[in-house]
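The residues making up each chain are set out below.
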Amino acid sequence: MREKKDIKRELLDKFRAIGAEAGETLPGQWLEAVYLPRLSSEEKKLFKKAVQELVSIGIVEPVDAPDLNLRLTAKGEHL
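Residues numbered from 1 in each chain as written. Predicted model: local features only at pLDDT ≥ 70, side-chain atom pairs only at ≥ 80, totals over all residues. Heavy atoms only, no water.

**Some thoughts on the overall build of the chain**
Where we set the bar: Put simply, DSSP marks the helices as runs of H or I at least four residues long and the strands as runs of E at least two long, and each gets a number from the N terminus on. It is over C-alpha atoms that the radius of gyration is taken, and the globule rule equals 2.2 Å times the number of residues to the power 0.38. Partly exposed describes any residue whose relative accessible area lies between the buried limit of under 20% and the exposed limit of over 50%, with all areas from a 1.4 Å probe on protein chains only and scaled to the type maximum. Residue contacts are defined here by distance: any two heavy atoms, one from each residue, within 4.5 Å place the two residues in contact. With residues, only the protein chains shown are counted as cover, and all accessible areas are computed by Shrake-Rupley using a 1.4 Å probe. Here Asp and Glu are counted as negative and Lys and Arg as positive; His is not counted, and neither are the chain ends. To locate a charge, the coordinates of NZ of Lys, CZ of Arg, CG of Asp or CD of Glu are taken.
Secondary structure summary: the chain contains four helices and two strands in total. When the helices and strands of the chain are listed from N to C terminus, the series reads α-α-α-β-β-α. On C-alpha atoms alone, the chain measures out to a radius of gyration of 12 Å, which is about the 12 Å that the 2.2 N^0.38 rule sets for 79 residues. Referenced to the eigenvectors of the C-alpha coordinate spread, the extents of the chain come out at roughly 30 × 25 × 20 Å. By the burial criterion, 34% of the 79 residues in the chain qualify as buried. For the chain, restricting intrachain contacts to residue pairs at least 6 apart in sequence, the fraction spanning at least 24 positions comes to 56%. Total accessible area computed for the chain in this model is approximately 4,900 Å², and 50% of it derives from carbon and sulfur atoms. Taken as two groups, the 14 positive and 14 negative side-chain charges of the chain have centres that lie 6 Å from each other.

Printed below as a string of structure tokens:
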């Protein structure tokens, strides 16, 4: 089972893998169609907490769109 820190790392690794810069988002529907279905119900709860923590420290920000998505901030780019 993944821990919260693993989920944070996987999300940030995805941004790195696509070469994202500040202001860029994860690939469309990647979270809902690819990432979240692989998580157990317990891991999905941890996912919400992990995203909240990343947002609260200013690494990512939620995207106001029909699909769940995250945008990398300048602080997140420099990590």
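**Here's the deal with the packing of aromatic side chains**
Stated formally: Aromatic pairs are defined between Phe, Tyr and Trp rings, using the six-membered ring for Trp, whenever the two ring centres lie within 6.5 Å; interplanar angles under 30 degrees are classed as stacked, those over 60 as edge-to-face, and all others as tilted.
Following the criterion strictly, the structure yields two aromatic pairs and no others. Seen from their ring centres, Y35 and F47 are 6.1 Å apart, and the 45° between their planes marks the pair as tilted. Taken together, the residues span a long stretch of sequence, with Y35 in helix α2 (residues 30–35) and F47 in helix α3 (residues 41–56) at a distance of twelve residues. The pair Y35 / F47 is uniform in exposure class, with both members buried.

**So, the side chain of N69**
The condition is simple: Polar contacts, as counted here, are pairs of nitrogen or oxygen atoms within 3.5 Å of one another; within protein the pair requires one atom able to donate a hydrogen and one able to accept it, and residues that are adjacent in sequence qualify only if both atoms are side-chain atoms.
Inspection of the secondary structure puts N69 in the loop between β1 (60–62) and β2 (70–72). The class of N69 is buried, set by a relative accessible area of 10%. A polar contact of 3.1 Å, which involves the side chain of N69, links it to the backbone oxygen of L26. The contact partners of N69, leaving out residues within four places of it in the chain, are T25, L26, P27, G28, L31, E61, P62 and V63.

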